[in-house]
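Okay, here's what each chain looks like letter by letter:
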Amino acid sequence: MSTRPARTRVALALTALLGSAALATLPATTASAAGEKVAVQYRTSASGATADQSEPWFKVRNTGSTTVQLSQVKIRYYFKADSANATYRFACSWAVRGCAGITGTFGTLAHPTATADRYLEIGFTSAAGTLAPGADTGDMQLRFYQSNWQTLRQSDDYSFSGTQTAYADWTKVTAQVAGSTVWGTAPEGNDPTDPTDPTDPTDPPGGGQTLFDDFSYTTHTDPALSAHGWSVRSNSGGPGVPGATWDPSKVTFVNQSGNTVMNMETSTAGTGGSTRHTEVLTQAPKFKNGTYAARVKFSDAPKSGPDGDHIVQTFFTINDLKAPMADDYAEYDFEYLPNGGWGEPANILYTTSWETYNPDPWQAVNQHSESRTSFAGWHDLVVTIDNNAITYYVDGQHFGTHDAAYLPERPMSINFNQWLIDLNGQTSTTPRAYDQQVDYVLHVKDQVLTPAQVSAKISALRSAGTSFVDEVPAS
């Protein structure tokens, strides 16, 4: 955070969905479907005519003669919307191969029928792996529900069967391999390879413009830093210790084994006047939906002096609060507290999605996920924002998914900062200093990338010798 005082954590209930609807995905590598065949087995654990949520569970089996890349497979489950303006959320409860490798998106059929006008499309990331001939995925316990949690009717859904309570081949779902339909029958007039078949109605056109910076600068006064759209903070104010200075000179660039990283130093001698905070942020608030990623090194201990300060090390996006409790505010945080703070006694990592807040008296509307363990060292941080949810990942693993109520209404800046909540964690007047480092930052506009796709994109940019690119248009 960069614009408000230290606060008490007040969070709404956490929804830990292990799958998320993709806003847009990178195209799969084209491959021939010759010899590649799959069968889909289906069962349901919610067999009533109505239910709080529909639970289509699947197994995909390779019935062909060659190994199938699961990232090339798409399954469609067809259903009738409960109302014309109904919206839905997808989740994965459990899967043999892991929920992190499964995606779910919703689409609208070009030719509605009495039993289907929507579909849920299940896809796979590269993390799901492959299927050898004769092998299957094992259980995929999936579910979807109305965004407002109203009861949904299943009995009029094309792909649903309340009597299918054990796995068996099910041809009322379709499966594609590399774009070719190899299993099942769609509702009449809605073959998934029909060129008029629409995309997910939540998908925006275009997207994919990229910001990438590997912070190959010399000093905080390097003209390229400003020319590339970055500001090193020097103005006073919160968050953190009253009277502290935001010191640009404490932002440096250091060489580590031939790679330049940004180093942010925060220091104190136990008083507000001696405290130096650091922050680097984009000048333009032009970032909204899509994928955000950074490789960040957190520190549990100071590089010098006594330990124990309530320090916050961050990567986040934010826009300005125009008025207390304004509903167009947005902020999405990774915040690591190596020595606790905000009532926590020890290290904790928060991811927090903000709807709004009131600075005085303090009132917060947010949703957070947390992990109480050490995160000292380098970590790959990814957050994706689409029209349905905000999803956080740490080192390729799902960390938390937050609700659509917290989606951004306005564009944001991208920020890194390190600051002290207060001086209560360590009362010594002995000088001490803490480092946070950043290797790179990436934003891809209007596309949801998996952590594996983020890694591949970073590798491709660096292999091409790209140290900076900014294609993201001004908002």
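If you're wondering where the values come from, they're calculated on a predicted model, not measured in any experiment.

Chemist: Looking at this model, I keep getting lost on the sheet that holds strand 14 (residues 180-183). Mind explaining?
Modeler: To summarise the sheet geometry, strands pair through backbone hydrogen bonds and adopt either a parallel or an antiparallel arrangement. Sheet architecture is open: five strands sit in the order 7-8-5-13-14, paired in antiparallel fashion. Since the sheet does not close on itself, it has two edges, and those belong to strand 7 (102-113) and strand 14, each with one partner. Averaged over all adjacent pairs, the angle separating strand axes in this sheet is 30 degrees, with direction ignored. Sheet topology places strand 5 (residues 73-79) next to strand 8 (residues 116-124); five bridges connect them, and they run antiparallel. Residue pairing for strand 8: Arg 76 is matched across the bridge by Glu 121.

Chemist: Help me out: how do you make sense of the state of the cysteines in this one?
Modeler: A disulfide bridge is the covalent bond that connects two cysteines by way of their sulfur atoms. The full count for this structure, using the stated rule, is one disulfide. There is a disulfide in this structure between Cys 92 and Cys 99, and the S-S distance comes to 2.0 Å. Since a negative S-S torsion denotes a left-handed disulfide, the Cys 92-Cys 99 link at about -70 degrees is left-handed. Judged by its relative accessible area of 9%, Cys 99 falls in the buried class.

Chemist: Is there a simple way to think about the environment of Phe 298 in this case?
Modeler: You can see Phe 298 is positioned in strand 21 (residues 290-298). Not counting residues up to four positions away in its chain, the partners in contact with Phe 298 are Gln 313, Thr 314, Tyr 336, Leu 349, Phe 375, Ala 376, Gly 377, His 379 and Leu 381.

Chemist: What exactly am I supposed to notice about the packing of aromatic side chains here?
Modeler: For any pair of aromatic rings, the description consists of the separation of the ring centres together with the inter-plane angle of the planes. Applying the stated rule across the entire model yields 30 aromatic pairs. Grouping aromatic residues by their ring pairs yields a cluster made of Tyr 42, Phe 58, Tyr 77, Phe 79, Tyr 88, Phe 106, Phe 144 and Trp 170. Of note, Lys 172 hangs over the ring of Tyr 158, and the distance from its end group to the ring centre comes to 5.3 Å. Just above the ring of Trp 246 sits the side chain of Arg 233; from NZ or CZ to the centre is 4.0 Å.

Chemist: Explanation requested: the sheet that holds strand 10 (residues 140-146) in the structure shown.
Modeler: Strand order in this open sheet of five strands is 6-10-3-1-12, and the pairing throughout is antiparallel. The sheet is open, and its two borders are formed by strand 6 (88-95) and strand 12 (168-169), each paired with just one other strand.

Chemist: Could you clarify how one ought to interpret the nonpolar core in this entry?
Modeler: A general trend in soluble globular proteins is that nonpolar side chains are found buried together. Core analysis: the largest hydrophobic core is formed by 38 residues, its most contacted members being Phe 215, Trp 230, Met 262, Tyr 292, Phe 315, Ile 390 and Phe 416. No other element matches the four residues that strand 21 contributes to this core. The contact partners of Phe 315, leaving out residues within four places of it in the chain, are Tyr 292, Ala 293, Ala 294, Val 296, Tyr 332, Asp 333, Phe 334, Leu 381, Ile 414, Asn 415, Phe 416 and Val 441. If you look at the next biggest cluster of nonpolar residues, it comprises 36 residues, including Val 40, Leu 120, Phe 124 and Phe 160.

Chemist: Where do I start with the pattern of salt bridges in this structure?
Modeler: Pairs can form between side chains of opposite charge once their charged atoms are near each other. Evaluation of the coordinates by the stated rule reveals 18 salt bridges. For Lys 303, the salt bridge identified is with Glu 265, shortest N-O distance 2.6 Å. With Lys 303 in the loop between strand 21 and strand 22 (311-318) and Glu 265 in strand 19 (residues 259-268), this residue pair connects regions lying 38 residues apart in the sequence. When its relative accessible area of 48% is taken as the criterion, Lys 303 is described as partly exposed.

Chemist: Sorry if this is basic, but what is going on with the pairing of strand 24 (residues 348-359) here?
Modeler: Within a regular beta strand, the side chains point alternately toward one face of the sheet and then the other, so they alternate between its two faces. Taking burial as the measure, the 12 residues of strand 24 include 11 buried ones, the bulk of the element. Judged from the seven bridges that link them, strand 23 (residues 331-337) and strand 24 form a sheet pairing that is antiparallel. In the sheet register, Asp 333 faces strand 24, and the bridge partner there is Thr 352. Direction of pairing for strand 24 relative to strand 25 (residues 362-371): antiparallel, over a ladder of 10 bridges. Bridge assignment links Tyr 350 to a residue of strand 25, and that residue is Glu 370. Counted along the chain from strand 24 to the antiparallel partner strand 25, the turn is two residues long.

Chemist: Teacher, can you tell me more about the side chain of Thr 291 here?
Modeler: The topology assignment puts Thr 291 in strand 21. At 2.9 Å, the side chain of Thr 291 forms a polar contact with the backbone nitrogen of Leu 449. Setting aside chain neighbours within four positions, we find Thr 291 in contact with Val 382, Val 383, Thr 384, Leu 442, His 443, Val 444, Gln 447, Val 448, Leu 449 and Val 454.

Chemist: Mind showing me how you'd approach helix 2 (residues 451-463) here?
Modeler: Residues spaced three or four apart along an α-helix face the same direction, because each turn holds 3.6 residues. Here helix 2 is 13 residues long and its end C-alpha atoms lie 18 Å apart, about the 18 Å a rise of 1.5 Å per residue gives. When helix 2 is considered as a whole, its buried residues turn out to be Pro 451, Val 454, Ile 458 and Leu 461. Taken end-on, helix 2 shows its buried residues confined to a sector of 85 degrees, consistent with a single buried face. For helix 2, the secondary structure elements touched by its buried residues are strand 15 (210-213), strand 21, strand 26 (377-385), strand 27 (390-394), strand 30 (432-445) and strand 31 (468-470).

The rules behind the values
Residues numbered from 1 in each chain as written. Predicted model: local features only at pLDDT ≥ 70, side-chain atom pairs only at ≥ 80, totals over all residues. Heavy atoms only, no water. Pairing = 2+ DSSP bridges. Helix = DSSP H or I, 4+ residues; strand = E, 2+ residues; numbered from the N terminus. Axes fitted to C-alpha atoms, helices over the stretch in contact; angles between N-to-C directions. Disulfide = S-S within 2.5 Å. Buried < 20%, exposed > 50% of the residue type's maximum accessible area, 1.4 Å probe, protein only. Contact = heavy atoms within 4.5 Å. Phe/Tyr/Trp six-rings, centres within 6.5 Å; stacked < 30°, edge-to-face > 60°. Lys NZ or Arg CZ within 6 Å of the ring centre and 35° of its normal. Core = buried A, V, L, I, M, F, W, Y, C linked by side-chain atoms within 4.5 Å. Salt bridge = Lys/Arg side-chain N within 4 Å of Asp/Glu carboxyl O. Polar contact = N/O pair within 3.5 Å; in protein donor to acceptor, adjacent residues only side chain to side chain. Expected span 1.5 Å × (residues − 1). Arc of directions from axis to C-beta.

Any functional reading would require information beyond the geometric quantities listed.
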